[in-house]
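The lines below spell out each chain.
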Amino acid sequence: MRKFLLRLLVFTLFCCMAGEIIIRVFRLVPDVPQRFVDKTGIQRYIPGQHGYFTRATEPWHINQYGWLGMADTKNDTLISIIGDSYIENMMNPRSCNQGSLLKGYMPDYGFFEAGRSGVSFIEAMEISNFLDSTIHPKYNLLYVSNSDFTESLTNKKRLSDIVQIDLKNNKILVGTLKSPKLKKMLYSCKLLYFLYLKFPVLVNKEDKEKHQHTDASSQPFEEQDINQLFQYCQNHYKIKKTMLVFHPGADKRVIQLASQYGFRTIILDSSQDKRSWALNENDGHWSCYGHSRVAEQVNEQLSKIIIDLKGE
């Protein structure tokens, strides 16, 4: 019996080691960078990390500022690019990032990308505020979808791991890291992480969906809530230098209200494209083609906005 248990233990350890090697070699799960919450309440990545997204051809790198992507702070005329996983863009080569593509259109400008999965609209505004006080960009581009606004509001649901706003008290609620030590262990052991993602019996369905890159669905909202949200932004942030880049299919009511409160808006449209912008049929994030079309439309509309601003 003792020999049998010993052999079973050795066999189990061998299978675990083999599974760990196979998952790492074939990149069956993504490398997930560790976060920290800075003194302003913004979640950033610990600088110096690197790894691969699932089956990506290039590794991602966390720069000295705690973000992925371009950080061209030496240019006198700087434009920040802020958003969620679409801007983070771990799944594509860095040449497909919005910063890299827009730099090709606007070589006289510098670009600074601040993207992280799960960023809400109000956190994007907080990030823009932080960047305004540190690297001093000339303009801020915020890439937003419908759900970024509803997720910003606590009256729908308090999401403790993201930045939200309590409109009743006009108070920003900072997000907290959920089980950072447990997640560090989980992400370090690829076999455990593979099981965590693949087998719903091992993890709460809601938590499982949060760890998968999927296209965020829009949720219903009250127009009064968005009015209050934009009113708060008007009183606390530099709206005149902020452009909201709305994903295709954005709610027209939100776009109209944003304009009324002083935001410059850039509207993306994929309806005329014969080719999908999506990474694949299971992942709505933009492919390199999608990013190139986005950058093309942003450049066209941004150039006109900058000309208008210079004329004011």
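Each chain has its residues counted from 1, following the order in which its sequence is written. Per-residue local features are limited, in this predicted model, to residues with pLDDT of at least 70; the limit for side-chain atom pairs, both in listing and counting, is 80 or more; totals at the level of whole chains, interfaces and linings are taken over all residues. Calculation of side-chain values draws on the structure's entire complement of heavy atoms; hydrogens and water are dropped beforehand.

Draft legend 1. How the structure looks around the packing of aromatic side chains. When two rings of Phe, Tyr or Trp (its six-membered ring) have centres within 6.5 Å they constitute a pair, described as stacked for plane angles under 30 degrees, edge-to-face for angles over 60, and tilted for the intermediate range. Tallied over the full model, the rule gives 11 aromatic pairs. Plain terms: the ring middles of phenylalanine 121 and phenylalanine 230 are 5.9 Å apart, the flat faces sit at 90° to each other, and that makes the pair edge-to-face. Of the two residues, phenylalanine 121 sits in helix H4 (residues 121–134) while phenylalanine 230 sits in helix H9 (residues 223–236), which places them 109 residues apart along the sequence. According to the relative accessible area criterion, phenylalanine 121 is buried, its value standing at 0%. Between the NZ or CZ atom of arginine 275 and the centre of the ring of tyrosine 289, over which it lies, the distance is 4.3 Å. We count a stretch as a helix when DSSP gives it H or I for four or more residues in a row; a strand needs E for two or more, and each element gets its number in order from the N terminus. Burial classes follow relative accessibility: with a 1.4 Å probe on protein chains only, a residue under 20% of its type's maximum area counts as buried, one over 50% as exposed, and anything between as partly exposed. As a reminder, the over-ring test applies to NZ of lysine and CZ of arginine, requiring each to be within 6 Å of the ring centre and within 35 degrees of the ring normal.

Draft legend 2. Focus on the sheet that holds strand S10 (residues 242–246). At least two DSSP bridges between two strands are needed for those strands to be called paired. An order of S6-S5-S7-S10-S11 is seen for the five strands of this open sheet, with the pairing classed as parallel. Looking at the sheet topology across the chains shown, the edges are occupied by strand S6 (110–115) and strand S11 (264–267). Put simply, the sheet's adjacent strands are angled 20° from each other on average, direction ignored. The pairing of S10 with S11 spans four bridges and is parallel. Of the residues in S11, the one forming a bridge with phenylalanine 246 is isoleucine 267. A fitted line through C-alpha atoms represents every axis, and for helices the fit uses only the stretch in contact; the resulting angles, taken between N-to-C directions, go from 0 to 180 degrees.

Honestly, that's just the spatial picture; any functional story needs more than this.
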